[in-house]
Amino acid sequence: LTDPGPLIATKGAPEPFYSLVLEAGGTLTTPLQGDHDLTVAAGAAGTLDLGTNALTVGRHLTQVLAAVLTAAGSQDITVGGNWNITSFWAGTSRVVFNNAGQDSNISGSHTFHDFSCTTPGKKLRFQAGATQTVTGSFVVTGTSASHVELLSQTPGAQWTLDNAGNSESVSFVSVQDSAVLGHDI
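1. Topic: the pattern of salt bridges
Tallied over the entire structure, the rule returns three salt bridges. Of the charged contacts, one joins Asp37 and Arg59 as a salt bridge, the two residues approaching to 3.8 Å between their closest N and O atoms. Residue Asp37 is found in the loop between β5 (32–34) and β6 (38–40), and its partner Arg59 is found in the loop between β8 (55–57) and β9 (61–63); the two are separated by 22 residues along the sequence. The salt bridge partner of Arg125 is Asp103, with a shortest N-O separation of 3.0 Å. Taken together, the residues Arg125 in strand β18 (residues 123–126) and Asp103 in the loop between β14 (94–97) and β15 (104–106) connect sequence positions 22 residues apart. Of the residues examined, Asp103 reaches a relative accessible area of 31% and is grouped as partly exposed.

And the structure:
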């Protein structure tokens, strides 16, 4: 499904989608919830502005061209699979990684306000050489029987977490090939 123009929907329940490609910028006026992939492909300088609406993507969130994903409020952006975003303005949003059934590859360096994964067994794989900056809270929680794993996409090559917000809650987590800037965790 390709949306030829700005996505404008009526307020109310989340607007469902299976797999969606947005080829023009716009402002979201209702929450979006999908089972599969969302590709933001707004042309040159196009922006998908979430406003204060939640976004749930069951699999992969991908951005192409010069598109920008903007979150103005404290909404949740929930992703089950990969985070392939090149330009993200976090506002005071919380990015949540869920779905232990699929790994999440986080490509590029990003600034998140709140970063969260409380799904036991979830594997988050960060791009080697990239830095993830968290200006709010960093919350990663597994269980004693099933840790959350924070890994490099390239084993043996380091990725970096900048805990700029100095607010964290971390338990039952396995970490490999990482460094921490700012405040210790």
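After that view of the structure, there is still more to cover.
2. Focus on the environment of Trp89
By the element assignment, Trp89 lies in strand β13 (residues 88–89). Judged by relative accessible area, which is 54%, Trp89 ranks as exposed. Spatially, the C-alpha atom of Trp89 lies 7.6 Å from that of Val68, the residues being 21 residues apart in sequence. With residues up to four places along the chain from it excluded, the contact list for Trp89 reads Val68, Leu69, Thr70 and Ala71.

3. With respect to the pairing of strand β21 (residues 148–152)
β21 sits mainly inside the fold: four of its five residues count as buried. Sheet topology places β18 next to β21; four bridges connect them, and they run parallel. In the strand pairing of β21, Phe126 is matched with Ser152. Inspection of the sheet shows β21 paired to strand β24 (residues 173–175) by three bridges, in the parallel sense. Looking at β24, one finds that Val148 is bridged to Val173.

Parameters and conventions
Residues numbered from 1 in each chain as written. Predicted model: local features only at pLDDT ≥ 70, side-chain atom pairs only at ≥ 80, totals over all residues. Heavy atoms only, no water. Salt bridge = Lys/Arg side-chain N within 4 Å of Asp/Glu carboxyl O. Helix = DSSP H or I, 4+ residues; strand = E, 2+ residues; numbered from the N terminus. Buried < 20%, exposed > 50% of the residue type's maximum accessible area, 1.4 Å probe, protein only. Contact = heavy atoms within 4.5 Å. Pairing = 2+ DSSP bridges.

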